[in-house]
Amino acid sequence: MTIAPETPTTRAIPTFLELEITGKCQLTCPSLCYAKAGPTEGHGSMTTDDWQRLLNEAAELGVEKVQFIGGEPTMHPDFEALVLRATALGLGAQVYSNLYRVKHEHWELFEHPKVSLATSYYSDVAEEHERVTGRKGSHAATRANIIQVVNRRIPLQVGIVEVFEGQRVAEARADLESIGVRVINTDRVRSVGRAERHLPSIRDLCGRCAKGRAAVMPDGTVTPCVLGRFLDTGNAKTEGLAAVFAGQRWAQTAASIPRRPVLSAGCTPADSNDCDPANTEACDPAY
């Protein structure tokens, strides 16, 4: 007999929000990108005013930290204004950038005490890294900017996703460590977006989605995380965050995700809100 998960009687507001502010990106990541981002994609139907209202509401609800992600979030025309709005509201702000191109004025923004960075790195060999990103020259550019981040003492975490057999994952980690990166997470590719090999399922999730975290898509759709984007729980643009998190769809979705009974030592969600299932070593599917 199958027992349906119970809907929680209390509805906790997530303290960490991933904000997918654009689908535009200089890279294509033809066999990886969960968002199907690329150079020809747009910024979605959420306007800058919509995002600013969402940030205001998030702060009022008790959200502690937001992550600006895409696509490449720095390509949003009002990226800097949105990050500054978040920090002015007292929110921590992490920017998940490919670090392929960094504008001069963004370095000062990244050095703000409430801002941190995250990026992805796939191999110590340019050809392998660029096989994943779909962009020639992306390895040298990203690696050079990672060195800049380390030299500027900007908090940084780097994710390595194993996309194809034989990929130099261990060598990529060693290369990152050699240039001073201290927070490195590794994982396998997930069946979401361009990497989809079967229909997306809650069985692919780490078991921490919707537990203290949520994501907002470029059209305002609220999901348990960016990898759980196939789970629509409401719309922040039309309903507002408070209404979504108080709604039955959010509660039922949160209850449906299988939970990891005991978190492994070192699993990021055990001690922070920075779990990124695509780039977090201990966050294999709960099943």
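Quick note: structure is the one above.
Computed from a prediction, not measured in an experiment: that's the story for all the values here.

Novice: Could you clarify how one ought to interpret the environment of Arg 229 in this entry?
Specialist: Among the structural elements, Arg 229 can be located in the loop between strand S8 (222-223) and helix H7 (241-245). Arg 229 sits 14 residues away from Ala 215 along the chain, and the two C-alpha atoms are 8.0 Å apart. Polar contacts involving the side chain of Arg 229 include one to the side chain of Glu 20, which spans 2.7 Å.

Novice: It is not clear to me how the pattern of salt bridges should be interpreted in this structure. Could you clarify?
Specialist: When the charged atoms of two side chains with opposite charge come close together, those side chains can pair. Following the criterion strictly, the structure yields nine salt bridges and no others. Taking the shortest distance from any N to any O, the salt bridge between Lys 237 and Asp 50 comes out at 2.3 Å. Of this pair, Lys 237 sits in the loop between S8 and H7 while Asp 50 is found in helix H1 (residues 48-61), placing the two residues 187 residues apart along the sequence. What makes Lys 237 partly exposed here is its relative accessible area of 36%. Connected via shared salt-bridge partners are Asp 50, Arg 53 and Lys 237.

Novice: Just checking my understanding: could you explain the nonpolar core for this structure?
Specialist: The tendency in soluble globular proteins is for nonpolar side chains to be buried as a group. In terms of nonpolar packing, the biggest core is built from 73 residues, with Leu 17, Leu 19, Val 66 and Phe 68 touching the most fellow members. Setting aside residues no more than four positions away along its own chain, Val 66 makes contact with Phe 16, Leu 17, Leu 19, Leu 55, Ala 86, Leu 91, Gly 92, Ala 93 and Gln 94.

Novice: What am I meant to see in the pairing of strand S5 (residues 156-162) here?
Specialist: In summary, the side chains of a regular strand alternate between the two faces of the sheet. Counting buried positions over the seven residues of S5 gives six, a clear majority of the element. For strand S4 (residues 115-120) and S5, the ladder comprises four bridges, and the chain directions are parallel. Residue pairing across strands places Leu 117 opposite Leu 156, the latter belonging to S5. By the bridge criterion, six bridges tie S5 to strand S6 (residues 183-188) in an arrangement that is parallel. Its bridge partner being in S6, Val 158 is matched across the sheet by Ile 184.

Novice: Would you take a moment to explain the packing of H1 against helix H2 (residues 79-88) for this structure?
Specialist: The packing of two helices is summarised by the inter-axis angle and the distance between the axes. Their axes nearest at 10 Å, the elements H1 and H2 cross at an angle of 15°. By the angle between their axes, H1 is roughly parallel relative to H2. Here the hand of the crossing between H1 and H2 comes out right-handed. Contact residues: Thr 48, Trp 51, Gln 52, Leu 55 and Asn 56 in H1; Leu 82, Arg 85 and Ala 86 in H2. The residue inventory of the contact of H1 with H2, partitioned by class, reads four nonpolar, three polar and one charged.

Novice: Help me understand H2, please; the structure alone is not making it clear to me.
Specialist: The α-helix advances 3.6 residues per turn, and as a result positions three or four apart in sequence lie on the same side. Inspection of H2 places Phe 79, Leu 82, Val 83, Ala 86 and Thr 87 among the buried residues, and these make up the whole buried set. The buried residues of H2 all sit within an arc of 135° when viewed along its axis, so they share a single face. If you follow the buried residues of H2, they end up packed against H1, strand S2 (65-69), strand S3 (92-96), helix H3 (104-110) and S4. Gly 90 sits one or two positions beyond H2 and adopts a positive phi of about 90°.

Novice: What is the right way to look at the packing of aromatic side chains in this model?
Specialist: Centre distance and the angle of the planes are the two values used to describe a pair of aromatic rings. Under the counting rule described, the total for this entry stands at two aromatic pairs. Relative to Phe 110, the ring of Trp 107 has its centre 6.1 Å away and its plane inclined at 85°; by these criteria the two rings are edge-to-face. With Trp 107 and Phe 110 both in helix H3, this residue pair falls three residues apart, about one helical turn. With 4.9 Å between their ring centres and 70° between their planes, Phe 245 and Trp 250 make a pair best called edge-to-face. Taking relative accessible area as the criterion, Phe 245 reaches 1% and is therefore assigned buried. The class of Trp 250 is buried, set by a relative accessible area of 3%. It is Arg 101 that lies over the ring of Tyr 100; its NZ or CZ is 4.2 Å from the centre. Cation over ring: Arg 131 sits above Phe 164, and NZ or CZ is 3.7 Å from the ring centre.

Novice: What am I meant to see in the sheet that holds S5 here?
Specialist: Backbone hydrogen bonds hold the strands of a sheet together, and the pairing may be parallel or antiparallel. One open sheet holds the eight strands; their spatial order is S6-S5-S4-S3-S2-S1-S7-S8, and the pairing between them is mixed. The open sheet has two free edges, formed respectively by S6 and S8, since each of these has just one partner strand. Where S3 and S4 come together, four bridges link them in parallel fashion. The residue of S4 that forms the bridge with Val 95 is Leu 117. Contacts between H2 and the sheet are confined to S2, S3 and S4, with S3 contributing the most and set at about 150° to the helix.

About the criteria used
Residues numbered from 1 in each chain as written. Predicted model: local features only at pLDDT ≥ 70, side-chain atom pairs only at ≥ 80, totals over all residues. Heavy atoms only, no water. Helix = DSSP H or I, 4+ residues; strand = E, 2+ residues; numbered from the N terminus. Polar contact = N/O pair within 3.5 Å; in protein donor to acceptor, adjacent residues only side chain to side chain. Salt bridge = Lys/Arg side-chain N within 4 Å of Asp/Glu carboxyl O. Buried < 20%, exposed > 50% of the residue type's maximum accessible area, 1.4 Å probe, protein only. Core = buried A, V, L, I, M, F, W, Y, C linked by side-chain atoms within 4.5 Å. Contact = heavy atoms within 4.5 Å. Pairing = 2+ DSSP bridges. Axes fitted to C-alpha atoms, helices over the stretch in contact; angles between N-to-C directions. Parallel < 35°, antiparallel > 145°, perpendicular 65-115°, else oblique. Left-handed = near helix turned anticlockwise from the far one by under 90°. Nonpolar A, V, L, I, M, F, W, Y, C, P; charged D, E, K, R; others polar. Arc of directions from axis to C-beta. Phe/Tyr/Trp six-rings, centres within 6.5 Å; stacked < 30°, edge-to-face > 60°. Lys NZ or Arg CZ within 6 Å of the ring centre and 35° of its normal.

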